Amino acid sequence: MPGTDQVTRPVARRITPERPADAETVTMSYREALHTLKSRQKSGKGAPAYSRFVNRRLGRYLAAAAYQAGLTPNAVTALSALCSFVAIALLAVLAPSIPLAIAVTVGLVLGYALDSADGQLARLRGGGSRSGEWLDHMVDAVKISSLHLAVLIFLFRADELPSQAWLLVPIGFTVVAAVSFFGMILNDQLRRISGLASGQDATANPGRSASNLRSLLVIPTDYGVLCLIFVLLAWPTAFFIAYTLLFAGSAGYLLLAAVKWFRDMRALDREPAPTTTAPSAAPTPAGPERTSR
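In this text, all values refer to a predicted model and were calculated from it rather than measured experimentally.

Caption draft 1: Molecular detail of the overall build of the protein. When helices and strands are tallied, the protein shows 10 helices and 0 strands. When the helices and strands of the protein are listed from N to C terminus, the series reads α-α-α-α-α-α-α-α-α-α. With 293 residues in all, the protein has 48% of them scored as buried. Excluding contacts between residues fewer than 6 apart, the proportion of contacts in the protein whose partners are at least 24 apart in sequence is 86%. Summing over all exposed atoms, the protein offers an accessible surface of approximately 14300 Å²; the carbon and sulfur share of this is 67%.

In structure tokens form, the structure reads like this:
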């Protein structure tokens, strides 16, 4: 989804120009790691409010803690998946209750913060890997689809909707989330093929200011806000109303974004193809061991 940190940063999350040879042996205190991470943040341009102002900050604290614990970015990705998928499983199998609402919300919020932390940890350690990027996106792809399918099961079991036709909402949300995620990754890849920068900067660009107003306007697409409304699970009708409003906002955004994305791709069609150089006789060193997430 556009609001996920993956969605606001689908492909360029772990790109760094080079990986220091001693990146694995560098030691910093927790405070030093936090200070370093502040200077290695991605651009906030286009990021929804919760993802930009809350989740990245939480991710920064978790990344600094993971660095101190000696965890790898892939290990943090695994922890993110564990938190998210436990919450999704609870949502699908348990009846509405306050403890369920708290457990699911905490699991999803923590999973999302760790989803930001793995990329920040990779930048702190000096770079990323293609396998790490692959793992991260695969987890994201499963998460954004299975969450809405779990909502479908929850609403069906709660049996509080006036008509079963309303169950089309989580089905539609599954489609919107999957298409949005795929669309942004595809846009980034096509831009790279055309020799252009990807849609998200790997680190903050001081010369480009992010719009606070735009961050607020795209709140309906924010995965973090979606995580927060699960606190209403004890009251299925209230939850469904909030969930439906987010679905409407996300669907509307995708419709408008798809038109813009297609125009951008048409513009790329008119650009000259990037030139390629012939390979040298001696193989050149591979790129960073760990690319972006």
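Caption draft 2: Broad picture of the packing of aromatic side chains. Counted according to the given criterion, the structure contains 8 aromatic pairs. On the basis of an interplanar angle of 85° and a centroid distance of 6.2 Å, the ring pair of Phe 154 and Phe 239 is categorised as edge-to-face. Of this pair, Phe 154 sits in helix H6 (residues 130-158) while Phe 239 sits in helix H10 (residues 236-269), placing them 85 residues apart in sequence. Taking relative accessible area as the criterion, Phe 154 reaches 1% and is therefore assigned buried.

Caption draft 3: Representation of the packing of H6 against H10. As a packed pair, H6 and H10 sit with axes 11 Å apart at the nearest point and diverge in direction by 145°. You can see that H6 and H10 cross each other, and the crossing is left-handed. Touching His 148, Val 151, Phe 154, Leu 155 and Ala 158 of H6 are Pro 236, Phe 239, Phe 240 and Tyr 243, all from H10. The residue makeup of the contact of H6 with H10, split by class, is 8 nonpolar, 1 polar and no charged.

Caption draft 4: Local environment of the pattern of salt bridges. Within this structure, the stated rule accounts for 3 salt bridges. Ionic pairing is found between Asp 140 and Lys 143, a salt bridge with its closest N-O pair at 3.6 Å. Taken together, the positions of Asp 140 and Lys 143, both in helix H6 and 3 residues apart, correspond to about one turn of that helix. For the pair formed by Asp 140 and Lys 143, the shared burial category is buried. Across the salt bridge formed by Lys 260 and Asp 264, the nearest N and O atoms sit 2.9 Å from each other. Of this pair, Lys 260 and Asp 264 both sit in helix H10, 4 residues apart, which is roughly one turn of that helix.

Caption draft 5: Inspection of the packing of helix H3 (residues 49-69) against helix H5 (residues 98-125) at higher detail. At a minimum axis distance of 7 Å, the contact between H3 and H5 shows a crossing angle of 60°. With respect to H5, the axis of H3 lies oblique. Crossing geometry of H3 relative to H5 is assigned as right-handed. Mapping the contact onto sequence places Tyr 50, Ser 51, Asn 55, Arg 56, Leu 58, Gly 59, Arg 60, Leu 62, Ala 63, Ala 66 and Tyr 67 in H3 and Val 109, Leu 110, Tyr 112, Ala 113, Leu 114, Ser 116, Ala 117, Gln 120, Leu 121, Leu 124 and Arg 125 in H5. Classifying every residue of the contact of H3 with H5 gives 14 nonpolar, 5 polar and 3 charged.

Caption draft 6: Highlighting the nonpolar core. Counting residues in hydrophobic clusters, the biggest one holds 38 residues, and the most contacted among them are Leu 91, Leu 108, Leu 226, Phe 230, Leu 233 and Phe 239. Of all the secondary-structure elements, those providing two or more residues to this core are helix H4 (73-93), H5, H6, helix H7 (168-193), helix H9 (223-228) and H10. Here the element with the most residues in this core is H10; it accounts for 9 residues. Beyond its immediate stretch of four places on either side in the chain, Leu 91 contacts Leu 100, Val 104, Leu 147, Ala 150, Val 151, Phe 154, Phe 230 and Leu 233. With 14 residues, the next largest nonpolar core counts Met 28, Ala 64, Val 76 and Cys 83 among its residues.

Caption draft 7: Fine view of a nonpolar patch on the surface. Judged by side-chain polarity, Ile 98, Ile 102, Val 106 and Trp 235 come together as a nonpolar surface patch covering roughly 410 Å² of accessible area. With respect to the secondary-structure elements, Ile 102 resides in helix H5.

Caption draft 8: A look at unusual backbone geometry. For Asp 159, which is not glycine, the phi torsion reads 55° and is therefore positive. Turning to its location among the elements, Asp 159 is positioned in the loop between H6 and H7. Overall, Asp 159 belongs to the exposed group, its relative accessible area being 62%.

The rules behind the values
- Residues numbered from 1 in each chain as written.
- Predicted model: local features only at pLDDT ≥ 70, side-chain atom pairs only at ≥ 80, totals over all residues.
- Heavy atoms only, no water.
- Helix = DSSP H or I, 4+ residues; strand = E, 2+ residues; numbered from the N terminus.
- Buried < 20%, exposed > 50% of the residue type's maximum accessible area, 1.4 Å probe, protein only.
- Contact = heavy atoms within 4.5 Å.
- Areas by Shrake-Rupley, 256 points an atom, 1.4 Å probe, with all protein chains shown as cover.
- Phe/Tyr/Trp six-rings, centres within 6.5 Å; stacked < 30°, edge-to-face > 60°.
- Axes fitted to C-alpha atoms, helices over the stretch in contact; angles between N-to-C directions.
- Left-handed = near helix turned anticlockwise from the far one by under 90°.
- Nonpolar A, V, L, I, M, F, W, Y, C, P; charged D, E, K, R; others polar.
- Salt bridge = Lys/Arg side-chain N within 4 Å of Asp/Glu carboxyl O.
- Parallel < 35°, antiparallel > 145°, perpendicular 65-115°, else oblique.
- Core = buried A, V, L, I, M, F, W, Y, C linked by side-chain atoms within 4.5 Å.
- Patch = residues over 30% accessible without salt bridge, like charges linked within 9 Å, V, L, I, M, F, W, Y side chains within 5 Å.

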